[in-house]
Amino acid sequence: MGEGEGEILHIPPSPSHQVLQDDGVMFLWVTGRAMELGRECLDLWGYKFVQEFLWVKTNQLQRIIRTGRTGHWINHSKEHCLVGVKGTLADKLNLNLDCDVVCAEVRETSRKPDEMYDLLERLAPGQRKLELFGRPHNVHKGWTTLGNQLGKSQVGAPAPPPRVAPPPRPSL
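Residues numbered from 1 in each chain as written. Predicted model: local features only at pLDDT ≥ 70, side-chain atom pairs only at ≥ 80, totals over all residues. Heavy atoms only, no water.

Student: I'd love a proper account of the overall build of the protein chain, names of residues and values included.
Tutor: The helix and strand tally for the protein chain stands at three helices and six strands. In sequence order, the secondary structure elements of the protein chain are arranged as α-β-α-β-β-β-α-β-β. Sorting the 172 residues of the protein chain into buried and exposed places 32% on the buried side. Within the protein chain, residue pairs in contact and separated by at least 24 positions form 65% of the contacts whose partners lie at least 6 positions apart. For the protein chain, the accessible area works out to roughly 11,700 Å², and carbon and sulfur atoms hold 55% of it. (Helix = DSSP H or I, 4+ residues; strand = E, 2+ residues; numbered from the N terminus. Buried < 20%, exposed > 50% of the residue type's maximum accessible area, 1.4 Å probe, protein only. Contact = heavy atoms within 4.5 Å. Areas by Shrake-Rupley, 256 points an atom, 1.4 Å probe, with all protein chains shown as cover.)

As structure tokens, then:
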């Protein structure tokens, strides 16, 4: 998250407010020292914590990074992606398709592995996807990316999928 982005986007930390959606999934990146804060945010925003993905950071030789720039006591070689759900999603998600660990190379600051975007697409196909606090390298086809470092030409949203009533269930 860049300087001042939290204040600019101001997501209210109150359960009385509807945050982003009534039914949906939230993926929240945190470092080890912010795990509890991340879970508290999910809870305050009305999401139930259900899962965690782990990104093990590697170098170009696929060796674990041992000189991370985060951490106070030890260098962090991983980041956590907390998963929270809200509402009814059973028919919208593909569960048990992927592993909860991704080993991938570290690139620019705040750039997450492309493998994570692929994993999230498989988990929630056809669903709208929003990335907050994005930078130019975070822009992906089919995603809405918001952030104060994007520039006007890079802020774009895909056309929202049409809202179609589900087909009627056959009567028995």
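Following the structure, the description resumes.
Student: Mind laying out the sheet that holds strand β2 (residues 48–58), listing which residues take part and the relevant values?
Tutor: Taken in spatial order, the four strands line up as β1-β3-β2-β4 in an open sheet, and their pairing is mixed. Strands with a single pairing partner mark the edges of an open sheet, and in this sheet they are β1 (24–30) and β4 (101–105). This sheet shows a mean twist of 25° between the axes of neighbouring strands, independent of strand direction. On top of the sheet, helix α2 (residues 35–44) reaches β1, β2 and β3 (78–86); it is set at about 15° to β3, its chief contact. (Pairing = 2+ DSSP bridges. Axes fitted to C-alpha atoms, helices over the stretch in contact; angles between N-to-C directions.)

Student: Describe the environment of Arg33, naming the residues involved and giving the relevant values.
Tutor: Tracing the sequence through the fold places Arg33 in the loop between β1 and α2. Looking at Arg33, the relative accessible area reads 53%, which means it is exposed. Between the C-alpha atom of Arg33 and that of His76, which follows or precedes it by 43 residues, the distance is 9.5 Å.

Student: Let's hear about the pattern of salt bridges: which residues, and what values?
Tutor: One pass over the full model with this rule turns up six salt bridges. Glu52 is the salt-bridge partner of Arg39, the closest N and O atoms lying 3.8 Å from each other. Placement of the pair is Arg39 in helix α2 and Glu52 in strand β2, with a sequence separation of 13 residues. The partner of Glu79 in a salt bridge is Lys112, with the nearest N and O atoms 2.8 Å apart. Of this pair, Glu79 sits in strand β3 while Lys112 sits in the loop between β4 and α3 (114–123); the two residues are 33 residues apart in sequence, bridging distant segments of the chain. Both residues of the pair, Glu79 and Lys112, count as buried. In the salt-bridge network here, residues are joined through shared partners; they are Lys57, Glu79 and Lys112. (Salt bridge = Lys/Arg side-chain N within 4 Å of Asp/Glu carboxyl O.)

Student: Mind laying out the state of the cysteines, listing which residues take part and the relevant values?
Tutor: Evaluated as defined, the whole model comprises zero disulfides. Left unpaired, Cys103 is separated from the closest cysteine sulfur, that of Cys99, by 8.4 Å. (Disulfide = S-S within 2.5 Å.)

Student: Explain the nonpolar core residue by residue, including any values.
Tutor: Residues Val25, Phe53, Leu93, Val102, Met116, Leu119 and Leu120 are the most contacted members of the largest nonpolar core, which totals 15 residues. Secondary structure elements with two or more residues in this core: β2, β3, β4 and α3. Examining the composition of this core, we find that four residues originate from one element, α3, more than from any other. Residues Met26, Cys41, Leu42 and Trp45 belong to the second largest nonpolar core, which totals nine residues. (Core = buried A, V, L, I, M, F, W, Y, C linked by side-chain atoms within 4.5 Å.)

Student: Lay out unusual backbone geometry in plain terms, naming residues and giving numbers.
Tutor: What is expected of a backbone is that most residues other than glycine have negative phi and most peptide bonds are trans. One non-glycine residue, Asn96, adopts positive backbone phi at about 65°. Along the chain, Asn96 turns up in the loop between β3 and β4. Here Asn96 falls in the exposed class, since its relative accessible area comes to 81%.

Student: Break down the packing of aromatic side chains for me, with residues and values.
Tutor: As enumerated under the stated definition, the model contains two aromatic pairs in all. Between Trp29 and Trp55, the ring centres sit 6.1 Å apart and the planes meet at 80°, which makes this aromatic pair edge-to-face. Of the two residues, Trp29 sits in strand β1 while Trp55 sits in strand β2, which places them 26 residues apart along the sequence. For Trp29, a relative accessible area of 26% puts it in the partly exposed group. Judged by relative accessible area, which is 2%, Trp55 ranks as buried. Note on Tyr117 and Trp143: the rings are 5.2 Å apart at their centroids and 75° apart in plane angle, and the pair reads as edge-to-face. Within this pair, whereas Tyr117 is found in helix α3, its partner Trp143 is found in the loop between β5 (130–132) and β6 (144–146), the two being separated by 26 residues in sequence. Relative accessible area serves as the criterion here: at 6%, Tyr117 is assigned to the buried category. Owing to a relative accessible area of 10%, Trp143 belongs among the buried residues under this scheme. The lysine or arginine in question, Lys57, covers the ring of Trp55, its NZ or CZ lying 5.1 Å from the ring centre. The ring of Trp29 carries the charged tip of Lys112 above its face, separated from the ring centre by 5.1 Å. (Phe/Tyr/Trp six-rings, centres within 6.5 Å; stacked < 30°, edge-to-face > 60°. Lys NZ or Arg CZ within 6 Å of the ring centre and 35° of its normal.)

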